[in-house]
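Structural description and commentary
Residue-level listing of the chains:
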Amino acid sequence: MTDTKYIFVTGGVVSSLGKGIVSASLGKLLQARGYKVTIQKFDPYINIDPGTLNPYEHGECYVTVDGHEADLDLGHYERFLNVQTTKDNNITTGRVYQSVINKERKGDYLGKTVQVIPHITDEIKRNVKLLGSKYKFDFVITEIGGTVGDIESLPYIESVRQLKWELGKNCLCVHLTYVPYIAAAKEYKTKPTQHSVKQLQELGIQPDILVLRTERELNQSITRKVALFCNVAEDAVIQSIDRPTIYEVPLILQRQKMDEIVLRKVGLEVGPTPEMKQWKEFLDKKTTATETVRIGLVGKYVELQDAYKSIDESLLQAAIYNNRKLDLHLVHSEKINDQNAASLLGGLDGILIAPGFGQRGVAGKFAALKYARENDIPTLGICLGMQCMVIEYARNVLGLTEANSTEIERTTPDPVIDLMEEQKNVTNMGASMRLGAYDCTLLKGSKTYKAYGKEQIQERHRHRFEFNNEYKDRFEAAGMKCVGVNPETNLVEVVELPDKKWFVGVQYHPEYNSTVVNPNPLFMSFMKAAIDNHKSEEQV
Ligand code: GLN
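The structure contained in this document is the topic of the report that follows. (Residues numbered from 1 in each chain as written. Predicted model: local features only at pLDDT ≥ 70, side-chain atom pairs only at ≥ 80, totals over all residues. Heavy atoms only, no water.)

1. What about the overall build of the chain?
- Looking only at helices and strands, one finds 18 helices and 23 strands in the chain.
- Here the chain has a C-alpha radius of gyration of 25 Å; the compact-globule value for 540 residues is 24 Å, and the two agree.
- Projecting the C-alpha coordinates of the chain onto the three principal axes gives extents of approximately 75 × 65 × 45 Å.
- If you take every contact in the chain between residues at least 6 apart in sequence, the share linking residues at least 24 apart comes to 73%.
- Across the chain, the 66 positively charged side chains and the 70 negatively charged ones have centroids separated by 5 Å. (Helix = DSSP H or I, 4+ residues; strand = E, 2+ residues; numbered from the N terminus. Rg over C-alpha atoms; globule rule 2.2 N^0.38 Å. Contact = heavy atoms within 4.5 Å. Lys, Arg positive; Asp, Glu negative; His and termini not counted. Charge placed at Lys NZ, Arg CZ, Asp CG, Glu CD.)

2. Structural notes on the site of the ligand
- If you check the shell around the ligand, you find Pro-355, Gly-356, Phe-357, Cys-383, Leu-384, Gln-387, Glu-407, Arg-462, His-463, Arg-464, Phe-465 and His-509 and nothing else.
- Within the backbone of Gly-356, an N or O atom sits 2.9 Å from an oxygen atom of the ligand.
- Glu-407 places a polar side-chain atom, nitrogen or oxygen, 2.7 Å from a nitrogen atom of the ligand.
- Protein chains shield 99% of the accessible area of the ligand, which is 290 Å² for the free molecule.
- Going through the elements one at a time, α15 (384-396) and β19 (456-463) are the ones with two or more residues in the shell around the ligand. (Near = heavy atom within 4 Å. Polar contact = N/O pair within 3.5 Å; in protein donor to acceptor, adjacent residues only side chain to side chain. Areas by Shrake-Rupley, 256 points an atom, 1.4 Å probe, with all protein chains shown as cover.)

3. Concerning unusual backbone geometry
- At the junction of Ile-117 and Pro-118, the peptide bond is cis and its omega measures out at 15° in the coordinates.
- With a phi angle near 55°, Asn-323 is a residue other than glycine that sits in the positive phi range.
- Its location among the elements puts Asn-323 in the loop between α12 (309-321) and β13 (325-332).
- For Asn-323, a relative accessible area of 41% corresponds to the partly exposed category.
- Its identity is not glycine, yet Asn-490 carries a phi of approximately 70°, on the positive side.
- Within the fold, Asn-490 resides in the loop between β21 (481-485) and β22 (492-496). (Buried < 20%, exposed > 50% of the residue type's maximum accessible area, 1.4 Å probe, protein only.)

4. A short note on the sheet that holds strand β23 (residues 503-506)
- Pairing is mixed in the open sheet, where nine strands are placed in the order β13-β12-β14-β15-β23-β22-β21-β18-β19. Looking at strand neighbours, the two that pair on one side only are β13 and β19, the edges of this open sheet. Ignoring strand direction, the axes of neighbouring strands in this sheet form an average angle of 25°.
- Taken together, the eight bridges between strand β18 (residues 434-442) and β19 define a ladder with antiparallel strand orientation. By the bridge assignment for β19, Gly-436 is matched with His-461. (Pairing = 2+ DSSP bridges. Axes fitted to C-alpha atoms, helices over the stretch in contact; angles between N-to-C directions.)

5. Remarks on a nonpolar patch on the surface
- On the surface, Tyr-97, Ile-101, Val-116 and Ile-117 cluster together to form a nonpolar patch covering roughly 340 Å² of accessible area.
- If you list the elements that add at least two residues to the nonpolar patch, you get α4 (93-106) and α5 (116-135).
- Here Ile-117 shows up in helix α5.
- Assessed through its relative accessible area of 46%, Ile-117 is described here as partly exposed. (Patch = residues over 30% accessible without salt bridge, like charges linked within 9 Å, V, L, I, M, F, W, Y side chains within 5 Å. Salt bridge = Lys/Arg side-chain N within 4 Å of Asp/Glu carboxyl O.)

6. Topic: the nonpolar core
- Grouped together as the largest cluster of nonpolar side chains are 58 residues, with contacts concentrated most on Ile-7, Leu-30, Phe-139 and Ile-209.
- In terms of residue count, the dominant contributor to this core is helix α1 (residues 19-31) (six residues).
- Apart from residues lying up to four places away in sequence, Phe-139 is in contact with Lys-5, Ile-7, Leu-30, Tyr-35, Lys-36, Val-37, Thr-38, Val-262, Leu-263, Val-266 and Leu-268.
- In terms of nonpolar packing, the next biggest core, distinct from the first, is built from 39 residues, Val-298, Phe-366, Cys-388 and Ile-417 among them. (Core = buried A, V, L, I, M, F, W, Y, C linked by side-chain atoms within 4.5 Å.)

7. Some points on the pattern of salt bridges
- Scanning the entire structure with this criterion turns up 34 salt bridges.
- Between Arg-224 and Glu-234 there is a salt bridge, with the nearest N and O atoms lying 3.4 Å from each other. Of the two residues, Arg-224 is situated in helix α8 (residues 220-230) and Glu-234 in the loop between α8 and β11 (237-241); the sequence distance between them amounts to 10 residues.
- On the accessibility criterion, Arg-224 (44% relative accessible area) is partly exposed.
- Taking the relative accessible area as the measure of exposure, Glu-234 reaches 34% and is therefore partly exposed.
- Overlapping salt bridges bring together Lys-41, Asp-43, Asp-71, Asp-73 and Glu-143 as one network.

8. Section: the sheet that holds strand β17 (residues 415-419)
- Pairing in this open sheet of three strands is mixed, and the strands run β16-β17-β20 from one edge to the other. The strands lining the two open edges of the sheet, one partner per strand, are β16 (404-405) and β20 (465-467).
- The sheet contact formed by β16 and β17 spans two bridges and is parallel. Bridging from a neighbouring strand, Ser-405 pairs with Ile-417 of β17.
- Its contacts with the sheet put α15 on β16, β17 and β20, and the angle it makes with β17 is roughly 150°.

9. Focus on the side chain of Thr-64
- Summarising the element assignment, Thr-64 is placed in the loop between β3 (62-63) and β4 (69-70).
- Residue class for Thr-64 comes out buried when judged on its relative accessible area of 0%.
- Side chain to side chain, Thr-64 and Asp-66 meet in a polar contact 2.5 Å long.

10. A word on helix α6 (residues 154-167)
- For α6, built from 14 residues, the straight-helix expectation of 20 Å at 1.5 Å per residue is met to within 8% by its first-to-last C-alpha distance of 20 Å.
- Every buried residue of α6 is listed here: Pro-155, Tyr-156, Ile-157, Glu-158, Ser-159, Val-160, Gln-162 and Leu-163.
- Immediately beyond the C-terminal end of α6, within one or two residues, lies Gly-168, with a positive phi of roughly 55°. (Expected span 1.5 Å × (residues − 1).)

11. Concerning the packing of α1 against helix α3 (residues 73-81)
- Contact geometry for α1 and α3: axes closest at 9 Å, N-to-C directions at 25°. Between α1 and α3, the interaxial angle falls into the category roughly parallel. When the axes of α1 and α3 are compared, the crossing they make is right-handed. Of the residues in α3, those touching α1 at Gly-20, Ile-21, Ala-24, Ser-25, Gly-27, Lys-28 and Gln-31 are Asp-73, His-76, Tyr-77, Phe-80 and Leu-81.
- Within the contact of α1 with α3, the residues separate by chemical class into five nonpolar, five polar and two charged. (Parallel < 35°, antiparallel > 145°, perpendicular 65-115°, else oblique. Left-handed = near helix turned anticlockwise from the far one by under 90°. Nonpolar A, V, L, I, M, F, W, Y, C, P; charged D, E, K, R; others polar.)

12. Structural notes on the packing of helix α14 (residues 362-374) against α15
- For the pair α14 and α15, the least separation of the axes is 9 Å and the interaxial angle reads 70°. Taken together, the axis directions place α14 and α15 in an arrangement best described as roughly perpendicular. Relative to α15, α14 is oriented so that their crossing is right-handed. Here Val-362, Lys-365, Phe-366, Leu-369, Lys-370 and Arg-373 of α14 come into contact with α15, specifically with Leu-384, Gly-385, Cys-388, Met-389, Ile-391, Glu-392, Tyr-393, Arg-395 and Asn-396.
- For the contact of α14 with α15, a count of residues per class yields eight nonpolar, two polar and five charged.

The structure is reproduced here in structure tokens:
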């Protein structure tokens, strides 16, 4: 294919309509036809990246292989497309302005007044086109964060308008809106969609395709009405009906031929409809599974739907591939103590101790880990979860009763988890953690080695603190083995208790690297152990 095609996805009426899922699903359909596809997200806030936002503000912070702290939608893109994203896939207003201001200081615009149009819009456009020119993608799908009409997203909408004009047939716009059901009137209402499209038209953009988010299937008179009022062809009014799983959305869009409409509009041959075999097999497995596996997720943000998004999805994928329904128990780490651990965690097949920052909730993680270790429940600790595993073991097995991480207690007499050397002079909080993919060498024979089936792995990181190697011999002598180490820096990446059924802590985040067609091996292994644990319980 010669020219890259650019698809923009905007949203109207309300937020949280699932632009990310629609973008990822459309990307999947085009990819299934053999095209090289990437998806990009523009976030209209001033932060340079979401790395400094807490989960209450912005859900999970996703990390790309090249170490960019990114919006969680990039996780959806990777899980759907099975293609890694980079820092070029997530741009914020802060980054756009930073780049323009740096250029201004250098003198790149010498003599000129620097303005939103053309300087900010040019920078936005440069970032869109970069994915086409640098990586040679056939399709670049760009999701514009926020809702049309927001002050903050205006420069992005204006950039889309300009690009549509410049790129002609190589560009198209998809607008996602909401069709509410008014129970008292027993009717679906299209007025918000009409208004939202009018707003987009006022800004100079005529959408080519409309996606209507709806609770139930809309009848043809409604889609026809929307088409008529919004200048959109009737077959280009697509419905995104609520489904129990986001992984059904590609098939819903395919049934309505959304990918064919896109191909026709950008002047490409349509060809045969892809079978989506692997995808359908995954969904079939999900529906046919009858037995459940009970996994407890212990964290301080469990009440937030999006805080552990990648972990939730990785667990779901691993459960499905192991022919089980995932029964996920969210356990708030602030609510666990030694007295209630048995009643909160007793019936679980496996326990996952979540990543995190700061002191709040760690006492509960220690209590959960003590209970899991003493009762031999398969357990996976991720990042702070792994660090808590080390601290709990130090306190209750090594007898270092005041052991801690210096993140939690700066003056602890036994800093078994300590600030990394490279972090000691860090003063800026933004993008300064140990981020992105690093090598790890696994010890042959360990559970982690068996999970991956190889000695050398690469996984992504996001942390400042680390296992303190001064204590390594004491841990190993007592039974906690350091089975994964970074070959260059000697940093401990994986600890295990070999005499337990499955008790593994990883300093890295395997959840960032688990996709629908390629579930993460460590999650798969953890899930198998949890399922085996379930069986043995039944046999008792
Ligand atoms: N707070 C810990 C650290 O900075 C763990 C980070 C995490 O769980 N992502 O090392």
